[in-house]
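What the coordinates show
Single-letter residue listing:
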Amino acid sequence: MRRRAMLGLAATAAIAPPARAEATLDALLGRYVGAYVDGVNRVRYAAWKNAAADLAALDAWIAEAAARRPSGMARAEAFAYWANLYNALTLMVVLQRYPVRSIRDIRSTGVPFDPRQFIGPWRTRLVTVEGRRLSLDDIEHETMRPTFRDPRVHYAVNCASIGCPNLRPRTWRAATLEQDLDAAAADFVNHARGVTVLPDGRLRVSSIYRWFREDFGGDDAGVVAHLRRHAAPALVARLSAGTVIAEDIYDWTLNDAGEPPRG
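Quantities reported herein were computed from a predicted structural model and do not represent experimental measurements.

**Brief notes about the environment of Tyr 32**
Here Tyr 32 is to be found in helix H2 (residues 18-32). When sequence neighbours within four positions are dropped, the list of residues in contact with Tyr 32 reads Arg 42, Val 43, Arg 44, Ala 47, Trp 48, Ala 51 and Asp 54. Here Asp 54 takes part through its side chain, which lies 2.6 Å from a polar atom of the side chain of Tyr 32.

Next comes the structure, spelled out in structure tokens:
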């Protein structure tokens, strides 16, 4: 019965105006994503999992998004579209399998000969957009990164982990995209997950800057230049072109709500 209701909502969403659909996702994110005292935005997965109507609403939003034509969108609108779709699909994948300790505990399916199937759900083809069946990796690495060539892609998509840049409690919008991307970059760079200056002056950085170094200038100097671009004055003063990156870290623990939100 619940599945039939979800399909009915999905069909309705497929013809809903995009602005109304974005408002739906905004409401869901606002209800379940919160800022916590450690500076990490966390998701109330247990509450969402127990809310059948809100699970159906997420499914319906994804169905509506899949029916749109990003190839005909302006650059900022397309960027926002793909980032929102990626994040909604990630939430859906986690909610379907919750409780899990990490998104990496969820294996990919439908790709039996792909060795990466064992390290997370990113290879499973989840959605069809303009006739293409896409996985999360397809959206991020085959669509967003080569299309937009903007390192801030990495601050826009969220992999449901503590080590990832924050999941926003609202959707990305074309009208405010540039300032919102800069704000997301600054939020991460100025948090210990992004960069920490060690006692000897070298840096501990997020593994994002190693995994995708080519997006951040191709070498340590390029990464440091990117960090300086988004760093607060106190951090800028401690970064120079000659700053050495000593190590990188990443926490794959699920960004699950575990303490009361601040305020």
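On we go.
**Here we look at the sheet that holds strand E6 (residues 203-206)**
What the three strands build is an open sheet, ordered E5-E6-E7; its pairing is mixed. Edge positions in the open sheet fall to strand E5 (195-197) and strand E7 (245-249), since each of these has one partner strand only. Direction aside, neighbouring strands of the sheet carry axes that sit 20° apart on average. Helix-sheet contacts for helix H10 (residues 220-230) involve E5, E6 and E7, and the interaxial angle to E6 is about 80°.

**Here's the deal with empty space enclosed by the protein**
Per the stated rule, a full pass over the model turns up one cavity of 30 Å³ or more. Space inside the largest cavity adds up to approximately 50 Å³. Forming the boundary of the largest cavity are Leu 25, Leu 29, Asn 84, Asn 87, Ala 88, Leu 91, Leu 167, Arg 168, Arg 170 and Trp 172. Those elements giving two or more residues to the lining of the largest cavity turn out to be H2 and helix H5 (75-97). Here the lining of the largest cavity gets four residues from one element, more than from any other, and that element is H5.

Each value, and the rule that gives it
Residues numbered from 1 in each chain as written. Predicted model: local features only at pLDDT ≥ 70, side-chain atom pairs only at ≥ 80, totals over all residues. Heavy atoms only, no water. Helix = DSSP H or I, 4+ residues; strand = E, 2+ residues; numbered from the N terminus. Contact = heavy atoms within 4.5 Å. Polar contact = N/O pair within 3.5 Å; in protein donor to acceptor, adjacent residues only side chain to side chain. Pairing = 2+ DSSP bridges. Axes fitted to C-alpha atoms, helices over the stretch in contact; angles between N-to-C directions. 1 Å grid on protein atoms, 1.4 Å probe; cavity = no way out; pocket = protein on both sides within 12 Å on 5 of 7 lines; lining within 4 Å. Points joined across faces, edges and corners; volume = space filled by probe spheres on them.

No statement about biological role is implied by the geometric values presented.
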